[in-house]
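Listed below, chain by chain, are the residues.
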Amino acid sequence: MAGKAPRKAPREAGGEKDGVLDFVTVTVADLRLALPLPAVRAVIRLPELVRIPLGPPSLDGLAQWHGDAVPVLDLAGALGRPGGGAPTRETRVVLVGHRGQMGGQTGGQTVGLRVDAMAGILRSNPDRIDPVTQEEGGLDPAMLDGLLRDGPATILKLDALIDRQFGDPAETERTDRGSASATAGFGPVPAGGTGAAGGAKAGIDRQALLVFEVAGQEFALPVDRVREVLPAPREITRMARSKAHLLGVMAVRDRLLPLVGLRALFGLEAGEGQAGRRVVVVRSGSGQAPIGVLVDEVREILRLDPALIDPVPPLLAREPEFEDLDGIARAGSGADGAAGGGRRLVSVLSAERLFRHGAAIGAEAGAEAGAAEVGGQGDGMEPARPADGPDGTGGAGERFVVFRLAGAEYGLPVSAVREVLRRPDSITPLPNAPDFVAGVLTLRGEVLPLIDQRRLLGLPADDAGTGLSKNGPAGLERGRVVLVGRDGLLVGLLVDGLSGLLTVPVERIGPAPAVSAAQRRLIRRVATLDVARDAAGGARLILLMDADSLLDMDRLAELPVTPR
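From a predicted model like this one, the values you see are computed outputs, not experimental measurements. (Residues numbered from 1 in each chain as written. Predicted model: local features only at pLDDT ≥ 70, side-chain atom pairs only at ≥ 80, totals over all residues. Heavy atoms only, no water.)

Draft legend 1. Fine view of the overall build of the protein. Looking only at helices and strands, one finds 11 helices and 34 strands in the protein. Going through the 564 residues of the protein one by one, you find that 53% of them count as buried. If you sum the accessible surface of the protein, you get close to 23,600 Å²; carbon and sulfur atoms cover 49% of it. (Helix = DSSP H or I, 4+ residues; strand = E, 2+ residues; numbered from the N terminus. Buried < 20%, exposed > 50% of the residue type's maximum accessible area, 1.4 Å probe, protein only. Areas by Shrake-Rupley, 256 points an atom, 1.4 Å probe, with all protein chains shown as cover.)

Draft legend 2. Examining the packing of aromatic side chains more closely. Evaluation of the coordinates by the stated rule reveals 2 aromatic pairs. Geometrically, the ring pair formed by phenylalanine 219 and phenylalanine 266 is stacked, given 5.2 Å between the ring centres and 20° between the ring planes. Of this pair, phenylalanine 219 sits in strand S13 (residues 217-222) while phenylalanine 266 sits in the loop between helix H4 (262-265) and strand S17 (278-282), and the two are 47 residues apart along the sequence. Each member of the pair, phenylalanine 219 as well as phenylalanine 266, is classed as buried. Ring centres of phenylalanine 403 and tyrosine 410 lie 5.9 Å apart, and the angle between their planes is 10°; on these two criteria the pair is classed as stacked. Residue phenylalanine 403 shares its accessibility class with tyrosine 410, and that shared class is buried. (Phe/Tyr/Trp six-rings, centres within 6.5 Å; stacked < 30°, edge-to-face > 60°.)

Draft legend 3. Local environment of the pairing of strand S4 (residues 59-65). Within S4, 6 of the 7 residues are buried, which leaves it mostly tucked inside the rest of the structure. Turn length for the S4-strand S5 (residues 68-74) hairpin, with the two strands adjacent in sequence and antiparallel, is 2 residues, and the turn residue histidine 66 shows positive phi of about 55°. (Pairing = 2+ DSSP bridges.)

Draft legend 4. Representation of the sheet that holds strand S6 (residues 92-98) within the structure. On the basis of which strands lie adjacent, the open sheet formed by 5 strands has the order S3-S6-S7-S5-S4 and mixed pairing. The open sheet is flanked by strand S3 (40-45) and S4, the only strands paired with a single partner. Each strand axis lies, on average, 30° off the axis of its neighbour in the sheet, ignoring direction. Where S6 and strand S7 (residues 109-115) come together, 7 bridges link them in antiparallel fashion. What sits directly across from valine 94, in S7, is leucine 113. Against the sheet, helix H2 (residues 158-166) makes contact with S4, S5, S6 and S7, and its axis sits at roughly 95° relative to S6, the strand it touches most. (Axes fitted to C-alpha atoms, helices over the stretch in contact; angles between N-to-C directions. Contact = heavy atoms within 4.5 Å.)

Draft legend 5. Geometry of the nonpolar core. Counting residues in each nonpolar core, the largest one holds 99 residues, and the members touching the most others are Leu262, Tyr410, Leu412 and Leu522. For leucine 262, the residues in contact, after removing those within four places along its chain, are Phe212, Val214, Phe219, Leu268, Val293, Leu294, Leu349 and Leu354. Leu302, Val348, Leu441 and Leu448 belong to the second-largest nonpolar core, a separate cluster that totals 19 residues. (Core = buried A, V, L, I, M, F, W, Y, C linked by side-chain atoms within 4.5 Å.)

Draft legend 6. Examining the pattern of salt bridges more closely. Under the defined criterion, the tally for this structure stands at 22 salt bridges. Across the pair arginine 114 and aspartate 74 runs a salt bridge, and its minimum N-O distance is 3.4 Å. Residue arginine 114 is found in strand S7, and its partner aspartate 74 is found in strand S5; the two are separated by 40 residues along the sequence. Note on arginine 114: relative accessible area 17%, which makes it buried. The exposure class of aspartate 74 is buried, given its relative accessible area of 14%. The residue glutamate 300 makes a salt bridge to arginine 422 at a minimum N-O spacing of 3.5 Å. Taken together, the residues glutamate 300 in strand S19 (residues 297-304) and arginine 422 in strand S26 (residues 417-422) connect sequence positions 122 residues apart. The class of glutamate 300 is buried, set by a relative accessible area of 1%. The network of salt bridges with shared partners includes Glu218, Glu300, Arg344 and Arg422. (Salt bridge = Lys/Arg side-chain N within 4 Å of Asp/Glu carboxyl O.)

Draft legend 7. Focus on a nonpolar patch on the surface. A surface patch of nonpolar side chains, about 250 Å² in accessible area, is lined by Val43, Met118 and Ile121. In this structure, isoleucine 121 sits in strand S8 (residues 117-124). (Patch = residues over 30% accessible without salt bridge, like charges linked within 9 Å, V, L, I, M, F, W, Y side chains within 5 Å.)

Draft legend 8. Geometry of the environment of leucine 483. In this structure, leucine 483 sits in strand S29 (residues 480-486). In this structure, the C-alpha to C-alpha distance between leucine 483 and leucine 493, residues 10 residues apart in sequence, is 6.3 Å.

Draft legend 9. View of the environment of valine 214. For valine 214, the position within the fold is in strand S12 (residues 207-214). When the C-alpha atoms of valine 214 and arginine 277 are compared, they prove to be 9.6 Å apart, with 63 residues separating the residues in sequence. Look past the residues within four positions of valine 214 in its chain and what remains in contact with it is Phe219, Leu262, Arg263, Leu268, Leu294, Val295 and Asp296.

Draft legend 10. Local environment of the pairing of strand S33 (residues 523-530). For strand S32 (residues 509-511) and S33, the ladder comprises 3 bridges, and the chain directions are antiparallel. Each residue of the ladder has a partner; that of isoleucine 509, found in S33, is alanine 527. As defined by bridge partners, S33 adjoins strand S34 (residues 539-545) across 7 bridges and the pair is classed as antiparallel. The residue of S34 that forms the bridge with valine 526 is leucine 543.

Here it is as structure tokens:
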């Protein structure tokens, strides 16, 4: 480096104090790199990452940091270097601030850069920084801002590096304008359709039910009585002298939620452990605090003609074990079966009667914990939130149907989802259709297009991490079809499984980081949540999809998908 003329301070290098510049130095593959200290917001250990589709190959996923969804790039991959092996104890993520253009945010966007290790902090005088006149170590000079003699280290142009990975921000903003038109896609729902699932005929007000399984039997609750579905807690605090079906309480956002166990309530066989189970949080509808119902698996969302929900037979209604049922639904055998065929009987639970069970244990919890610790309610339970409006929103937040896909969770507004059904055993292919259209589905006499979400989002066909296979038995057993409809259009989305319903506070919903124009068109928002204390898992990120974009087949076919 000797003999080269001194240069002025790099454009992105800052933090100058008494003419001295500060840098954070890191190691990536065989490189030693310097990042301007003022651009560095934090250096953290490798967090849990959620895969986001339609991003560049160097994108590892999204991480939650201080309530924000932060994209994390593999810096080695972004620089065109061979990626390292598995993360080690030295692996770090450097969180840097990017220009406000990204994602249309005036305050700038935080981006994570995964590095092999942090080397330290280096101070240098501007006259100890040499210009880049040619490729340095095989790196593009357009992404470099100088060479530190005292490192030695190469200074990165962070904005140029990140812009190259995520594309032109102006193109991202152009994809935000406009939404799906009423005439786009495969055409309107056939005559008599209203956009409700299965071509629901005008005048039929279908009952929406969340179906779940306990000990191999199917139960359901009205969707409008379900606030959210949470992972089952690792431990449940039992109350003294309570009945067997009153399991105890779990902590949810620093409040106590009473839990009712359906296995004991209905005398079903005992299960083995809590792995994979869910807690369906039920609102009583009477202004009281909610309760939790422990279930084995959330199966689907059905919309049935109320005439297909029969009252409990009088002979059984007199028995105490049947007093918690509101009726018995006659559901079809699958997505391609006729509703009410009689081959499936689903027990519909009464939210009001379940609440009476929860109130009993909640009172005991309140007596032990003290009313002051539970917001003055005196019953040990979280205060009820205002009921949601017809559009799925309310004073407490927005409601979403959450489903799983390739190890990540996605959400769609409740108002846009008509049903969630089991994946059919066979799908009729549609000739000359776009690659992401798996075929068509016959549902109660209507023919609907099926979108393979994995193909649409550029995700692998098989996911060894979840045990799902596109064609294998596991995929057929656990896969679901999410029916999305609006303004006379209806399509089915093939997904891996259903997580349930979720009410997300408005303050926990923000714009999704714009990693590509295609992603920004389909996934515009993200929910960043803290999982309930004592529940399985940690921070939770849910990618919120745009329903109108999913209904516009013409625009979907034009998506500039980045190969993974």
